[in-house]
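Remarks on the overall topology
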Amino acid sequence: MTTRLVQIAMDARNDAALGRFWAEALGWGAEVEEPGVVTNLEPEGFVYPDPAAVCIDVITVPEPKTVKNRVHIDLATTSAAHGAEVVARLRQLGATPVDIGQGDVPWTVLADPEGNEFCVAEPRELYRDTGPIAAVVTDCADPRAMARFWEEAMDWELHEVSDDHAMLRSAKGVGPYLKLVRTPDAKTVKNRVHLDLRPYPGGDRAAEAARLQALGATAVDLGQGDDVPWTCLADPEGNEFDVLSPA
């Protein structure tokens, strides 16, 4: 058995407010799973889980954001004019420009109303059919090693790999990419955005967690307790992720 990336979890001080921003930014629907705790975002008419989209859970936490996120979203655009329209609309929704040392690049770096960085990518042929989320981007020290881990961890295929970055995508050839980007910054705090993996029907969460640990993941205690329907792990560079129950 194996598993696949089904959603990202995004910490927030206010899940409903941040959920509204991202729902409008992506043109998705938002549903409050638990008032004041979790808001779920997915495309309208979407039947979860489906590799055509990586959904978003916005989760209220007490901790404030203190450092640049190591996991962020890249949004797709179809032309320079479309990119300008997207940036203008996002700023009207409450996004703000942010300088994270990117310099002169062809994409635009913004932050959502809670300060979570994200990028509006310039038009790229690679992203022509991903949907509004072009890629989920993770900082790392060694893209090649991380690509080996994630290629074995999930049923996603490796599309590109170099010393600077690696790209994986669902084996079904749909939905966004997982992009691993080499950065010099070390991880210092719990990630405010993390990946959620889900085994296929008939799979076993405990068995998948054990398999992932054999590949190099480690168990982490984030105060989740023993009665939650997920298992908290960290990848070989310490980035937290969850293994959910099969579905």
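Above this text is the structure in question.
Residues numbered from 1 in each chain as written. Predicted model: local features only at pLDDT ≥ 70, side-chain atom pairs only at ≥ 80, totals over all residues. Heavy atoms only, no water.

1. A word on the nonpolar core
In terms of nonpolar packing, the biggest core is built from 51 residues, with Trp22, Ile56, Leu90, Trp150 and Phe241 touching the most fellow members. No other element matches the six residues that helix H1 (residues 15–26) contributes to this core. Ignoring any residue separated from it by four or fewer positions in sequence, one finds Leu90 in contact with Phe21, Ala25, Leu75, Ala95, Leu110, Phe118 and Val120. (Core = buried A, V, L, I, M, F, W, Y, C linked by side-chain atoms within 4.5 Å. Buried < 20%, exposed > 50% of the residue type's maximum accessible area, 1.4 Å probe, protein only. Helix = DSSP H or I, 4+ residues; strand = E, 2+ residues; numbered from the N terminus. Contact = heavy atoms within 4.5 Å.)

2. Observations concerning unusual backbone geometry
The omega angle of the peptide bond from Tyr48 to Pro49 is -10°, so this bond is cis rather than trans. Tracing the backbone through its elements, the reader meets Pro49 in the loop between strand E3 (38–42) and strand E4 (55–60).

3. Describing the sheet that holds strand E12 (residues 177–182)
The strand order across the open sheet formed by eight strands is E6-E7-E8-E5-E9-E12-E11-E10, and the pairing between neighbours is mixed. Here the strands that pair on one side only, and so sit at the sheet edges, are strand E6 (96–97) and strand E10 (156–161). Examined bridge by bridge, strand E11 (residues 165–170) and E12 share five bridges and lie antiparallel to one another. Note on E12: the bridge partner recorded for Leu168 is Leu178. On the sheet, H1 packs against strand E5 (71–75), strand E8 (117–120) and strand E9 (133–140) and is oriented at approximately 30° with respect to E5. (Pairing = 2+ DSSP bridges. Axes fitted to C-alpha atoms, helices over the stretch in contact; angles between N-to-C directions.)

4. Focus: the packing of aromatic side chains
Where two aromatic rings form a pair, the distance of their centres and the angle of their planes describe that pair. What the rule picks out here adds up to seven aromatic pairs. Each ring, one from Tyr127 and one from Tyr177, has its centre 6.1 Å from the other, and the planes form 50°; the classification is tilted. Of this pair, Tyr127 sits in the loop between E8 and E9 while Tyr177 sits in strand E12; the two residues are 50 residues apart in sequence, bridging distant segments of the chain. The same class applies to Tyr127 as to Tyr177, namely buried. A ring pair is formed by Phe149 and Trp150, whose centres lie 4.9 Å apart and whose planes are at 80°; its orientation type is edge-to-face. One exposure class covers both Phe149 and Trp150, and it is buried. A network of ring pairs unites the aromatic residues Phe21, Trp22 and Phe118 as a single cluster. (Phe/Tyr/Trp six-rings, centres within 6.5 Å; stacked < 30°, edge-to-face > 60°.)

5. Thoughts on the pairing of E5
In terms of residue burial, E5 counts as a mostly covered element, since five of its five residues are buried. Side chains Val71, Ile73 and Leu75 project from E5 onto one buried face, and the interleaved His72 and Asp74 project onto a second face that is buried too. Bridge count between E5 and E8: three bridges; the pairing is parallel. Within E8, the residue paired with Ile73 across the bridge is Phe118.

6. Structural notes on the side chain of Glu117
If you trace the backbone, Glu117 turns up in strand E8. Not counting residues up to four positions away in its chain, the partners in contact with Glu117 are Lys65, Lys68, Asn69, His72, Ile73, Val98, Ile100, Leu110 and Ala111.

7. Section: the pattern of salt bridges
A full pass over the atoms with the stated rule returns nine salt bridges. As a salt-bridge pair, Glu208 and Arg211 come within 2.9 Å of each other at their nearest N and O atoms. You can see Glu208 and its partner Arg211 sitting in helix H4 (residues 205–215), three residues apart, about one turn around the helix. Of the residues examined, Glu208 reaches a relative accessible area of 3% and is grouped as buried. Assessed through its relative accessible area of 24%, Arg211 is described here as partly exposed. (Salt bridge = Lys/Arg side-chain N within 4 Å of Asp/Glu carboxyl O.)

8. Observations concerning the sheet that holds strand E1 (residues 3–12)
Sheet architecture is open: eight strands sit in the order E2-E3-E4-E1-E13-E16-E15-E14, paired in mixed fashion. Among the strands making up the open sheet, the edge pair consists of strand E2 (29–34) and strand E14 (218–219). Inspection of the sheet shows E1 paired to strand E13 (residues 193–199) by seven bridges, in the antiparallel sense. The residue bridging Thr3 from the neighbouring strand is Pro199, located in E13. Packing against the sheet, H1 makes contact with E1, E2, E3 and E4, and its axis sits at approximately 5° to E3. Relative to the sheet, H4 contacts E1, E13, E14, strand E15 (230–234) and strand E16 (240–244), its axis offset from that of E15 by approximately 5°.

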